[in-house]
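The primary structure of each chain is shown beneath.
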Amino acid sequence: MTQRNSIVDAPRPVILVVDDTPEALRFLTSTLEGAGMSVLIAIDGMAALDLLKSVTPDLILMDAVMPHLDGFETTRRIKGDPAFQHLPIIFMTGLTETEHVVRGLNVGGIDFVNKPIVIDELLARIRVHLATARVAHGSQLALDMSGRPALAVDAAGEPHWLTPAAGGMLERLFPGWSSASGTLPEPFLSSVRELQASAPAPGARTTVAAGERTLEASLLRCTAAGQWVFRLADRHEGEEKTILAAQHGLTSREAEVLLWISRGKQNREVSEILQISPRTVNKHLEQIFEKMGVENRASATAIAVTTLTR
């Protein structure tokens, strides 16, 4: 009989690509998504810094030469924030002189890939640095989450650890369940297992009705040790739309569209749910991207998920 661990895939790593060349962005997005990764894009250093206020990727591919704020200075500012000390940054550059390599390492870069990019080499370097970063960062997650409702489970959905806040929330929402039971309350356990089986990317969510409340679990990451780390939230109907509208200056309808997009719905599905035309959904998305200062659907989704899991 096949073990459950063998059929549950790890979440897709999230890669932020920072480059001011549209052709390079299209090429890298296609390549990385084809390799099973989720891609966020920023067209310059300032856009990258703004995006990082809302979401933390697993790795950054940074163009060294960009107007206004180059990759070196952007990296220096990123690494100046203790929250991003663990974040691996790989420079993409045609600058091969020793002084440029030394400068990149001094500001916090972890590696270089030369342009024109050799795909196999790039993917190999990304995978090595992702594995290293997850090992180094994974041991700190429980401590980082100690004051928040968070938990980690194994590939079968059984808990490794729960923070006191998470245990208290689950006991409140599921009367009769105890954090000392050694397992998660039903139907939360079934919901987590269903999400794991879908090979989700960080930011994916699952929700479970608990009386008049809704328990929401958002996937933060899957560590190299096989821990699936979730942040929990206690929601009620309509709260999420209100939060998104207030945080990002959206209209009520735009917030509804963003909410369903963040739940993984495609435009056609959003159209059917909200009973509006697909063309209207596209127009709302254009306004959403502009107001949020992002370039694509993945970036808007990542920011929305982060907004709702704070």
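Everything discussed here concerns the structure shown above.
Keep in mind that this is a model prediction, so the values were computed, not measured.

Draft legend 1. Representation of the pattern of salt bridges. Evaluation of the coordinates by the stated rule reveals 18 salt bridges. Among the ionic pairs, E216 bridges to R205, the shortest N-O distance being 2.7 Å. Of this pair, E216 sits in strand β9 (residues 213-222) while R205 sits in strand β8 (residues 205-210), placing them 11 residues apart in sequence. With respect to burial, E216 and R205 carry one shared label: buried. Close ionic contact of E256 with K241 constitutes a salt bridge, the shortest N to O distance being 3.9 Å. Of this pair, E256 sits in helix α10 (residues 252-262) while K241 sits in helix α9 (residues 239-248), and the two are 15 residues apart along the sequence. Through salt bridges with shared partners, one network takes in D19, D63 and K115.

Draft legend 2. Inspection of the packing of α10 against helix α11 (residues 267-274) at higher detail. Direction vectors running N to C along α10 and α11 enclose 130°, while the axes themselves pass 10 Å from each other. By the criterion of interaxial angle, the relationship of α10 to α11 is oblique. Crossing hand, α10 versus α11: right-handed. Facing α10, whose interface residues are R253, E256, V257, W260 and I261, α11 presents N267, V270, I273 and L274. In terms of residue class, the contact of α10 with α11 is made up of six nonpolar, one polar and two charged.

Draft legend 3. A look at the pairing of strand β6 (residues 150-153). Along β6, one buried face is formed by A150 and A152 and the opposite face, lined by L151 and V153, is buried too. In this sheet, strand β10 (residues 228-235) lies alongside β6 in antiparallel orientation, the contact comprising four bridges. Note on β10: the bridge partner recorded for L151 is F230. Note: β6 against strand β7 (residues 159-162), three bridges, orientation antiparallel. Directly across from L151, in β7, lies its bridge partner L162. The turn joining β6 and β7, which pair antiparallel and follow one another in sequence, is formed by five residues; a positive phi near 85° is taken by G157.

Draft legend 4. How the structure looks around the sheet that holds β10. Taken together, the five strands give an open sheet; going across it, the order is β7-β6-β10-β9-β8, and neighbouring strands pair in antiparallel fashion. Each of the sheet's edge strands pairs with one partner strand only, and the pair in question is β7 and β8. For this sheet, the mean inter-axis angle between neighbouring strands, taken without regard to orientation, is 25°. Set on the sheet, helix α8 (residues 188-196) makes contact with β6, β8, β9 and β10; between it and β8 the angle comes to about 160°.

Draft legend 5. Highlighting helix α7 (residues 164-173). For α7, every residue scored as buried is listed here: A166, G167, M169, L170 and L173. The buried residues of α7 occupy an angular sector of 165° when the element is viewed end-on, so they sit on one face. Of the surrounding elements, those touching the buried residues of α7 are β6, β7, α8, β8, β9 and β10.

Criteria and cut-off values
Residues numbered from 1 in each chain as written. Predicted model: local features only at pLDDT ≥ 70, side-chain atom pairs only at ≥ 80, totals over all residues. Heavy atoms only, no water. Salt bridge = Lys/Arg side-chain N within 4 Å of Asp/Glu carboxyl O. Helix = DSSP H or I, 4+ residues; strand = E, 2+ residues; numbered from the N terminus. Buried < 20%, exposed > 50% of the residue type's maximum accessible area, 1.4 Å probe, protein only. Axes fitted to C-alpha atoms, helices over the stretch in contact; angles between N-to-C directions. Parallel < 35°, antiparallel > 145°, perpendicular 65-115°, else oblique. Left-handed = near helix turned anticlockwise from the far one by under 90°. Contact = heavy atoms within 4.5 Å. Nonpolar A, V, L, I, M, F, W, Y, C, P; charged D, E, K, R; others polar. Pairing = 2+ DSSP bridges. Arc of directions from axis to C-beta.

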